[in-house]
Amino acid sequence: MTDRRSFLRLAIMGAAGILVAGCDQISQSSWGPKILGKAEGLNRRVQALLSPSSAMAPEYSEADISAVFRANGTTMPTTEAYQALLANQFRDYKLQVDGLVSRPALLSIDDLKKLDTRTQITRHDCVEGWSVIGKWQGTALSAVLDHVGVDPQARFVVFHCFDEMEADTPYYESLGMEEARHPQTLLAYRLNDQALPVPNGAPLRLRIGRQLGYKQAKYLSRIELVHSFDAIADGNGGYWEDQGYEWYAGI
Amino acid sequence: MNTDTVAESPHSPANAPTPVVRARSTRLVYRHTLPIRLMHWINVIALSLMFFSGLQIFNASPVLSWGNRTVPGRELLALDARQDPAGHMVGVTRIGQHQFTTTGVLGVSNGSDGVPVARGFPSWLTVPGPNWLAMGRRWHFFFAWVFVLNGLCYIGYALVRRHLQRDLWPTRSDWRGIGRSIWDHVRFKHPQGAEALRYNILQRLAYLIVVFVFGIGIVLMGLAMSPRMDAVLSPLLTLVGGRQSARTIHFIIAWAFVAFLLVHVFEVLISGVFNQLRGMITGYFAIDCDRVDVVEPDPTIAAEERRHD
């Protein structure tokens, strides 16, 4: 019996050791992450089937709002362009909208307010696991897209940001047209009835109801309509996507 | 087909001169069908990898909360890292108002280079070993699909082959014997002979709860954490109290699976580990014929009735 027991113990420890070491080997390999990443496409397609593109993220009441809206990632962009705008309390701020559009535009926050304004209390889920609830005021992205006239060739909306994650590596993100035109997709300029604070992305950030926090780019400088994001940075559609995170962040 | 007789061949002249006591006493019965064996081991792999990669994901925010929001200071569980006056890292596990020093395992443990770092669960419990949330998510979602598809195949197969109705659903006499069964388990007494082929009431309840409460529950709680799915799962979210509640329940069920696994492996160890492993690998399970006190006119039919898919 003792022989059997020690054999079994060795077998279990050996199996666990091989499992953990093997997983790390696969994670480092060129093929492993690609195979494991196949789940992303499945998640995106199946979730689109189960949760239609028109479905709305839950909205909450004033009583549910978090006392502090936790800020993650950049909390103070250090680029010269941003610092110059901040020094003037963003009075000179204009959002550039271009790419595959019929009427490229430069829009101030007031211009955006004239296009559309709406308020929503939604939950923000970080990829790390925590959630906060905040009240957002902003302009529906769809109103901006209609204003500039989107070329039928355009498939993605790319959000360029003022903040750099590393030297010469600006934050950016991208959305498909369906998510971009969802009624809860906002360009937000107010949080909890105050001007958007700098740690949360002043003067303008993206808010989407049905994807994780890293998709919701802060410090927006420019919106570009493109057919493909292959040529932007490392070509994965976003800063965190270039670090190995999923482009589809619905789960 | 379903019944094998070990070395027993009374008409064979080779066997005639020697006594065949041992040969007469055990019989190999085909107990687990190939699909069940395959699905069992696929499940072992998928659940292990989801558990280890799940702890990697948990480590990105090593706290549990209730409701929809994470409220700092009001966590149900927090694996913190602090510094003592001498500047050493101290791991502190906080459950509600209670605190425990858990340096080395929870809150603070050695990184791959042997230096203590702040991390919820230690690197030997996470896939991948180092802090790597993006990769942990890839492992988790890949094997979540393996787990879900394998689980759906299992439930479908168990229904169609009546494994569920025949072997898992408790009969009235099972319920009547529950006190006896608990007493047998407490004394580590296991049925012998043909009775060993039949799942007892506690086994039936355990398997049903693991499949239909833990299995379905953990998948639903995982989906309730998805912001896209929450656009249609609002009622479920309200039912459990919110997204952070769903995350907490997901975590608790994961550890409930571990608790089940410990009991399951313990029972396998004390009820004849090699026989049980052979049963789940080759399908054949040995029973002791001496203890069989029923008359079996046709062993093939008797085994067919008793077979566990």
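Please read all numbers here as calculations on a predicted model, not as lab measurements.

What counts, and where the lines are drawn
Residues numbered from 1 in each chain as written. Chains lettered and ligands numbered in written order. Predicted model: local features only at pLDDT ≥ 70, side-chain atom pairs only at ≥ 80, totals over all residues. Helix = DSSP H or I, 4+ residues; strand = E, 2+ residues; numbered from the N terminus. Buried ≥ 20, exposed ≤ 12 C-beta atoms within 10 Å, placed from the backbone. Pairing = 2+ DSSP bridges. Axes fitted to C-alpha atoms, helices over the stretch in contact; angles between N-to-C directions.

A. Structural context of unusual backbone geometry. Cis peptide bonds are those with omega within 30 degrees of zero, and the linkage from Ala202(A) to Pro203(A) qualifies with 0°. Secondary-structure assignment places Pro203(A) in the loop between β8 (194-195) and β9 (205-207). Following Val127(B), the chain continues to Pro128(B) via a peptide bond in cis, the omega torsion being -10°. Here Pro128(B) shows up in the loop between β8 (116-119) and α3 (133-160). Look at Asn192(A): it is not a glycine, yet its phi comes out positive at around 50°. Locating Asn192(A) in the fold gives a position in the loop between β7 (186-191) and β8. Residue Asn192(A) is classed as partly exposed on the basis of its C-beta count, with 19 C-beta atoms lying within 10 Å. At Ala233(A), a residue that is not glycine, the phi angle is positive and equals roughly 45°. Within the fold, Ala233(A) resides in the loop between β10 (220-226) and α8 (239-242). Residue class for Ala233(A) comes out partly exposed when judged on the 15 C-beta atoms lying within 10 Å of it.

B. Here's a closer look at the pairing of strand β2 (residues 26-30) of chain B. Residues and elements named next belong to chain B. Burial along β2 is one-sided: the residues Arg-27 and Val-29 are buried and none of Thr-26, Leu-28 and Tyr-30 is. In the sheet, β2 pairs with strand β9 (residues 284-288) via five bridges, with the strands oriented antiparallel. Bridging from a neighbouring strand, Leu-28 pairs with Ala-286 of β9.

C. A look at the sheet that holds strand β5 (residues 156-166) of chain A. All names here are of chain A. Overall, mixed pairing links the five strands, which are arranged β2-β1-β10-β5-β6 in an open sheet. Here the strands that pair on one side only, and so sit at the sheet edges, are β2 (105-107) and β6 (169-176). Looking at each pair of strands side by side, their axes are set apart by 25° on average, direction ignored. Two strands pair when backbone bridges link them, and β5 and β10 are joined in this way by six bridges, in the antiparallel orientation. Within β10, the position partnered with Val-158 by the bridge is Glu-224.

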